[in-house]
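# Close look at the chain arrangement
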Amino acid sequence: MLQPNDTVVDGGRVSTGSVALDDILAGGLDPDRIYLYEGKPGTGKTTLALQFLLHGASAGENTLYVSLSESRRELDLIAARHGWSMNKVTVFELVPTESLIDPRNEVTVLHPAEFELNETLKSVFDKVAEIKPSRVVFDSLSEVRLLAQDPLRYRRQILALKHFFANQSCTVVLLDDLSGAANDLQLHSIAHGVVNLEQLAIDFGGERRRLRVVKMRGIAFRGGFHDFTIRKGGLEIYPRLVASEHHRPFEKGFVPSGNAELDLLLGGGLERGTNVLLLGAAGVGKSSLAISYALAAAERGEHSAFFAFDEGRGTFEARAQTLGLNLQPALESGLIRFQQVDPAELSPGEFAAIIRHSVEQDGARVVVIDSLTGYLNSMPDERFLVLQMHELLNYLGQLGVLTIMVLAQHGLVGPMESPVDLSYLADSVLLLRYFEAKGTVRRALSVVKKRSGGHEHTIREYTLSNRGIRLGPPLTDFTGIFSGTPRYEGPALPAIGRDD
């Protein structure tokens, strides 16, 4: 999106007009070079190119948009819908207007496809020499490819463009809609840098867009795919999260849950900079446990962020009220920020960017993801979920954030299966289970993993009531609780805990 920062950034670099893309490129573009933005129609090339020009125009630079495919009216409409004005951008239009192509007109104007290629490029060179722009966008190369009709001639003309602009002290962005051969890499070898934009259609939900810097000579850019969306104000790009780039000292210590018995079970509590996986069947109390941590953080004056994939805010508040927890003051003050996430509309990159904003801007010290099952549905392949979560958890850990992940298992009783195995990524794992005793459904809780220190190895019964979460004594006389078919081997069945 357009930002009011300086045009030249990072020791002589030229801004692309997008702060996020500048970040991916470690500062922006090298000046006085030719760059290629390529992608099929609808991927956002024109919008990104306009951001590049308007950024320069806002700093008083001469800018030129050479259009062989879109009219000035179309460009004005695109700009207006983003809240921009093209008044400071010179548009050199080589597309006939409706009045000029009206057959009743005596003046004959030829479409670019009917021009001689040399004449077309000469008119562009003359315009550049006239206004001496520092930024130029050439839209698009598909028209030049059609005019050339021959691959060798096409390459020669692109080289002629490159040599001409090399002596003009201007940064040029060429747009290509990939209408040529799929393996045509001539432009890649000629351009100083290449940015590829994609639009992906998934089986359900909105389309996904992403970009990749294919090459950038002399610039140590961040590789890989970066998700982005097109919104009013331009492309909102979400740079791929690299955990190793984020380190911040933080005070070590335990994060209280608000429940002394639970902290004791955890060997003192969960440490800052770690993550915990709450694993169990639907309705067993995983989200309730996560809510208690968020509320305990609010009572200490710390911020927490709760991302819900599976339920709305009304359900979230009703659940807390059932447990006797008053979330309203914390929600109103912003100490707890609840956000419902629609996995069909949100890309993983955008979700990571939202979490980063919560931590770096809002100061969240506890982050809850409820649940990973919903997050998994937003990913095209579960192996990408593991990679994304690895970077995200490392990032949060390095900033001293306690991350609570909820993962619902398939089934209610008996053997359980998880849709994806993330237990090896988790620093701590709390296993929650239903079990049946004397015709009553009961709940059991145990810490099965904790990397950062000792913990109690017992299995405890717990109840959810209007007085919150209560833990009972260790279930020493039961065996087979986690299998869902326990056997009682004690002298007398203990009193059944009551859930209000």
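Scroll up to find the structure this text is about.
Before going into details, it helps to say that this report is about the structure given with it.

Definitions and cut-offs
Residues numbered from 1 in each chain as written. Predicted model: local features only at pLDDT ≥ 70, side-chain atom pairs only at ≥ 80, totals over all residues. Heavy atoms only, no water. Pairing = 2+ DSSP bridges. Helix = DSSP H or I, 4+ residues; strand = E, 2+ residues; numbered from the N terminus. Buried < 20%, exposed > 50% of the residue type's maximum accessible area, 1.4 Å probe, protein only. Core = buried A, V, L, I, M, F, W, Y, C linked by side-chain atoms within 4.5 Å. Contact = heavy atoms within 4.5 Å. Axes fitted to C-alpha atoms, helices over the stretch in contact; angles between N-to-C directions.

This part takes up the pairing of strand β22 (residues 468–474). Inspection of the sheet shows strand β21 (residues 460–465) paired to β22 by five bridges, in the antiparallel sense. When the sheet's bridge partners are listed, S465 is paired in β22 with G468.

Right, let's get into unusual backbone geometry. With an omega of 0°, the peptide bond running from D139 to S140 counts as cis. Examined against the element boundaries, S140 turns out to sit in the loop between β6 (135–139) and α5 (141–148). D370 connects to S371 through a cis peptide bond whose omega is 10°. Secondary-structure assignment places S371 in the loop between β17 (364–370) and α13 (372–377). Positive phi is not limited to glycine here, since A26 has a value of about 60°. Note that A26 resides in the loop between α1 (19–24) and β3 (34–38). For A26, a relative accessible area of 34% puts it in the partly exposed group. Phi at K132 takes a positive value of approximately 50°, unusual for a residue other than glycine. Residue position: K132 is located in the loop between α4 (117–131) and β6. Its relative accessible area of 61% is what places K132 among the exposed residues.

Let's shift gears to the nonpolar core. If you look at the biggest cluster of nonpolar residues, it comprises 42 residues, and the most contacted ones within it are L278, I404 and L430. It is helix α9 (residues 286–299) that provides the largest number of residues to this core, a total of eight residues. Once residues within four sequence positions are removed from consideration, L278 is found in contact with K286, L289, A290, I404, M405, V406, L407, L430 and L432. Residues L372, L385, L392 and L396 belong to the second largest nonpolar core, which totals 35 residues.

What follows covers the environment of H246. If you trace the backbone, H246 turns up in the loop between β11 (234–238) and β12 (254–255). Given the relative accessible area of 14%, H246 is considered buried. Setting aside its immediate chain neighbours within four residues, H246 contacts L241, R356, E360, Y395 and Q398.

Moving on, we come to the sheet that holds strand β19 (residues 428–437). One open sheet accounts for nine strands, arranged β16-β15-β17-β18-β14-β19-β20-β21-β22; its pairing is mixed. Across the chains shown, the open sheet's two edge strands, defined by having one partner strand only, are β16 (336–340) and β22. Across the sheet, the mean angle from the axis of one strand to that of its neighbour is 20°, orientation sign disregarded. Taken together, the five bridges between β17 and strand β18 (residues 402–408) define a ladder with parallel strand orientation. Bridge pairing in β18 places I369 opposite M405. Across the sheet, α9 is in contact with β14 (275–280), β15 (303–308), β16, β17, β18, β19, β21 and β22; its angle to β18 comes to roughly 165°.

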